[in-house]
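A closer look at the structure
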There are 2 protein chains.
Amino acid sequence: MQDILFGFISKYISLTEEEKNVLLSLELFHSVKKGTVLLTEGQKTQNSFFVLKGCIRSYYIKDGEEKTTAFYTEMEALTPPCVISRTPSDYYISCNEDCILLISDADMSEEVNSRFPKFEIMCMKFSEELLAKERIEFDEFKTSSPEQRYLNLLQKRPDLIQRVPQHQLASYLGIKPQSLSRLRARILEKSKT
Amino acid sequence: MQDILFGFISKYISLTEEEKNVLLSLELFHSVKKGTVLLTEGQKTQNSFFVLKGCIRSYYIKDGEEKTTAFYTEMEALTPPCVISRTPSDYYISCNEDCILLISDADMSEEVNSRFPKFEIMCMKFSEELLAKERIEFDEFKTSSPEQRYLNLLQKRPDLIQRVPQHQLASYLGIKPQSLSRLRARILEKSKT
DNA sequence: ATCATTTCTTAACTTAAGTGAACGAGTTGT
DNA sequence: ACAACTCGTTCACTTAAGTTAAGAAATGAT
């Protein structure tokens, strides 16, 4: 399990054995059952999440409907906007599957950062990278139709289509479940001829 | 002009007079004419842009059509994804109006950062903040219809609707210019009754 | 194993966006 | 001053997504 974490970190900085041990001593790892709600609307939190195994999902509830905005799977990290802005959360995070997560709160990261300044640098690089990735995703979403977005997802994250309920996927693509069904039928029809 | 810059920076860190002078000595300010293309598809660059006055716009050209993805106006900053990923740019940036820009390349920021470490911290905070903002914007886009998106824009950035050509706005909202015209007529019709 | 609930799909109908074309208003260049 | 473009709007028509409803399939709970 730790291998996943250290493999991930090694993409950004290199750690000594001692540093690895300090990280492990912090009791960052948590096993969380499917369905667990990690963050609720209105809640204040300082927690960031890193997915070692499983799938977590962020969503709003607007007019009584869940609006899924993102899925995070193995090796992906999520710092909710409310942690940055220090305001109550606008949205929910819950576990789509049984998960093993690394959960770090702000106090903890401060301690780690002061002991290992390079860790802070890693977070900075990581944040910049995420911002660039986020913007590209946004741009792709904006410039394509729901059908193109689905085909795109099929290319880039085929696992999601298997492991995530259709109605959550539909919401993630910005459409209704019925439209997703129809759209898939349409694509299937096209590929036949 | 400098006041705008230092006013912006003061939201994150405080600078001594000496530090301000060093920044000013770097010749960061540039006057750029409307229509100037600051970044072209395929180009490699290390430049980041900060808008002191005017409006710049990022867009892709897909199937021969401009797809506008963002506008940056006074006090907004843009680091193109290609700067982070160190790959050729996928998109274009051009000036929608005569602009005064602060343009910084990577070498320069490295020098500034090594002389003023707190500057790097500011960039980090800024980047985190941007990421949070970006995600919220994305979420709003995803969870609303074109009409809601237009009304939302009318609330949040009414200036854009005045200063930006309609066809660029339409593309920014993810629709065709004709649809934007129709949508506006529809809203006007509703507000009458 | 059965019942209840949730999830997925299909269908008919409504609403809104895409498309192609036309027109007038405003701009640019010569 | 005029022609050539660009831009915004409107219209008729096409296409796809939203809506409402119904039924089949899968999931969960007792």
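Residues numbered from 1 in each chain as written. Chains lettered and ligands numbered in written order. Predicted model: local features only at pLDDT ≥ 70, side-chain atom pairs only at ≥ 80, totals over all residues. Heavy atoms only, no water.

So, on to the sheet that holds strand β5 (residues 65-72) of chain A. All names here are of chain A. An order of β2-β7-β4-β5 is seen for the four strands of this open sheet, with the pairing classed as antiparallel. The sheet is open, and its two borders are formed by β2 (37-39) and β5, each paired with just one other strand. The mean angle between the axes of side-by-side strands here comes to 35 degrees, regardless of whether they run parallel or antiparallel. One ladder, built from seven bridges, connects strand β4 (residues 56-62) with β5; its direction is antiparallel. (Pairing = 2+ DSSP bridges. Helix = DSSP H or I, 4+ residues; strand = E, 2+ residues; numbered from the N terminus. Axes fitted to C-alpha atoms, helices over the stretch in contact; angles between N-to-C directions.)

All names here are of chain A. When cut into domains, chain A gives domain 1 (2-128) and domain 2 (144-193). Summarising the inter-unit geometry, the C-alpha centres of domain 1 and domain 2 are found 28 Å apart. Around 940 Å² of area is buried between domain 1 and domain 2 when both sides are counted, 39% of it from carbon and sulfur atoms. Scanning the region where domain 1 abuts domain 2 turns up four salt bridges. Linking R163 and E74 is a salt bridge whose minimum nitrogen-to-oxygen distance equals 3.2 Å. Between the two partners, domain 1 and domain 2, sit 10 residue pairs in polar contact (both at pLDDT 80 or more). The element best represented in the side of domain 1 that touches domain 2 is β5, accounting for seven residues. Considering only residue class, the side of domain 1 that touches domain 2 consists of three nonpolar, five polar and seven charged. (Domains from an automatic or database assignment. Buried area = accessible area lost by both parts, 1.4 Å probe. Salt bridge = Lys/Arg side-chain N within 4 Å of Asp/Glu carboxyl O. Polar contact = N/O pair within 3.5 Å; in protein donor to acceptor, adjacent residues only side chain to side chain. Nonpolar A, V, L, I, M, F, W, Y, C, P; charged D, E, K, R; others polar.)

Let's shift gears to the packing of aromatic side chains. This structure, assessed with the given rule, holds 18 aromatic pairs over all chains. When the ring of F8(A) is compared with that of F50(A), the centres are 4.7 Å apart and the planes differ by 55 degrees; the resulting orientation is tilted. One end of the pair, F8(A), is in helix α1 (residues 2-9); the other, F50(A), is in strand β3 (residues 48-53), with 42 residues separating them in the sequence. Its relative accessible area of 7% is what places F50(A) among the buried residues. Between the aromatic rings of F71(B) and Y172(B), the centroid separation amounts to 5.1 Å while the plane-to-plane angle is 65 degrees, which identifies the pairing as edge-to-face. Taken together, the positions of F71(B) in strand β5 (residues 65-72) and Y172(B) in helix α8 (residues 166-173) put the pair 101 residues apart, joining distant regions of the chain. Its relative accessible area of 10% is what places Y172(B) among the buried residues. (Phe/Tyr/Trp six-rings, centres within 6.5 Å; stacked < 30°, edge-to-face > 60°. Buried < 20%, exposed > 50% of the residue type's maximum accessible area, 1.4 Å probe, protein only.)

As a further point, take the nonpolar core. The biggest cluster of nonpolar side chains holds 44 residues, and the ones touching the most others in it are I9(A), L23(A), F119(A), I9(B), L23(B) and F119(B). The residues touching L23(A), leaving out its near neighbours within four places in the chain, are F6(A), I9(A), L15(A), L28(A), V112(A) and F119(A). (Core = buried A, V, L, I, M, F, W, Y, C linked by side-chain atoms within 4.5 Å. Contact = heavy atoms within 4.5 Å.)

Before going further, it helps to spend a moment on empty space enclosed by the protein. Residue and element names in this part refer to chain B. Going through the model one piece at a time under the given rule, you end up with one cavity of 30 Å³ or more. In this structure, the largest cavity occupies an estimated 30 Å³ of space. Lining the largest cavity are V22, L26, E111, V112, R115 and F116. At three residues, helix α4 (residues 106-115) tops the list of elements feeding residues into the lining of the largest cavity. Across the lining of the largest cavity, the residue classes break down as four nonpolar, no polar and two charged. (1 Å grid on protein atoms, 1.4 Å probe; cavity = no way out; pocket = protein on both sides within 12 Å on 5 of 7 lines; lining within 4 Å. Points joined across faces, edges and corners; volume = space filled by probe spheres on them.)

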